[in-house]
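Chain by chain, the residues run as shown.
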Amino acid sequence: MISTKGRYALRLMIDLAAQDPDTYVPLKDISGRQGISEKYMENIIRELVRQKLIKGLRGKGGGYKLRKPASEYSVGEILTAAGEQLAPVACLLPGAEACERASSCPTIAMWRKFDQMTHDFFYGITLADLC
């Protein structure tokens, strides 16, 4: 299940994609348009800046903007940057310890196939597609 944080990160990125790509957009403007508290958006935007999906500029004329065209961002990339784990089971999470039952697990092939379908779905949709 995608968390509120992940959904809001997508909304924030869609909002930025709809703005002039050469202009920094103040967080209060994004927050107002999206109906999401500025305080909550600060946490999300901090992570997106840290993950280098967006640029931030402080001071007068400051705000946030995309680092690259909307067509170059995938939904999967945005959700992952926001901290979402897209794997359906813990043993398929990135960096998970090897499961001692993997070689005899009757469901692992199903989970791997579902994981691949989820990955292909979210990484196959761009921010531009959503705009």
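None of the values given here were measured: they were computed from a predicted structure. Here the residue numbers are simple positions, counted from 1 along each chain's written sequence. Local features in this predicted model are restricted to residues of pLDDT 70 or higher, and side-chain atom pairs are both shown and tallied only at a pLDDT of 80 or more, whereas totals for entire chains, interfaces and linings draw on every residue. The side-chain quantities take in all heavy atoms of the structure and omit both hydrogens and water.

1. Quick word on unusual backbone geometry
Now for step 1: Of note, the phi angle at Lys-52 is positive, near 65 degrees, even though the residue is not glycine.
Now for step 2: Looking at where Lys-52 falls in the secondary structure, it is placed in the loop between helix 3 (38-50) and strand 1 (54-57). Secondary structure elements are taken from DSSP: a helix is a run of H or I of four residues or more, a strand is a run of E of two residues or more, and numbering for both begins at the N terminus.

2. Structural notes on the side chain of Asp-15
Now for step 1: Within the secondary structure, Asp-15 sits in helix 1 (residues 4-17).
Now for step 2: Note on contacts: a residue pair is in contact if any heavy atoms of the two residues lie within 4.5 Å. The contact partners of Asp-15, leaving out residues within four places of it in the chain, are Ile-30, Arg-33 and Gln-34.

3. A few points about the pattern of salt bridges
Now for step 1: A pairing counts as a salt bridge when a side-chain nitrogen of Lys or Arg comes within 4 Å of a carboxyl oxygen of Asp or Glu. Counted under the stated rule, the structure contains four salt bridges.
Now for step 2: The salt bridge involving Arg-33 is made with Asp-15; its shortest N-O contact spans 2.7 Å. Remark: Asp-15 occurs in helix 1 and Arg-33 occurs in helix 2 (residues 27-34); sequence separation between them is 18 residues.
Now for step 3: Burial classes follow relative accessibility: with a 1.4 Å probe on protein chains only, a residue under 20% of its type's maximum area counts as buried, one over 50% as exposed, and anything between as partly exposed. On the basis of relative accessible area, Asp-15 is assigned to the buried category, the value being 5%.
Now for step 4: When the shortest N-O distance is used, the salt bridge between Arg-50 and Glu-47 registers 2.7 Å.

4. Examining the packing of aromatic side chains
One pair of aromatic rings is described through two measures. These are the centre distance and the angle between the planes.
Now for step 1: Each Phe, Tyr or Trp ring (for Trp, its six-membered ring) is paired with any other whose centre lies within 6.5 Å, and the angle between the two planes then decides the class: stacked below 30 degrees, edge-to-face above 60, tilted in between. Summed over all chains, the structure comprises two aromatic pairs.
Now for step 2: Taking the centre distance of 5.5 Å and the plane angle of 90 degrees together, the rings of Tyr-8 and Tyr-40 count as edge-to-face. Placement of Tyr-8 in helix 1 and of Tyr-40 in helix 3 is noted, with a sequence separation of 32 residues between them.
Now for step 3: Relative accessible area serves as the criterion here: at 32%, Tyr-40 is assigned to the partly exposed category.
Now for step 4: Ring geometry for Phe-121 against Phe-122: centres 5.2 Å apart, planes inclined by 75 degrees, an arrangement best described as edge-to-face.
Now for step 5: The class of Phe-122 is buried, set by a relative accessible area of 17%.
Now for step 6: When the NZ atom of lysine or the CZ atom of arginine is within 6 Å of a ring's centre and also within 35 degrees of its normal, the charge is said to sit over that ring. Residue placement shows Lys-68 over the ring face of Tyr-73; its charged tip is 4.8 Å from the ring centre.

5. A look at the state of the cysteines
Now for step 1: Disulfides are defined as pairs of cysteine sulfur atoms found within 2.5 Å of each other. Tallied over the entire structure, the rule returns zero disulfides.
Now for step 2: The closest cysteine sulfur to the non-disulfide-bonded Cys-99 is located on Cys-91, 5.5 Å from its own sulfur.
Now for step 3: Cys-99 sits in the partly exposed class, given a relative accessible area of 38%.
Now for step 4: Note on Cys-105: no disulfide assigned, nearest cysteine sulfur contributed by Cys-99 at a separation of 6.5 Å.
Now for step 5: Look at Cys-105 and you get partly exposed, because its relative accessible area is 25%.

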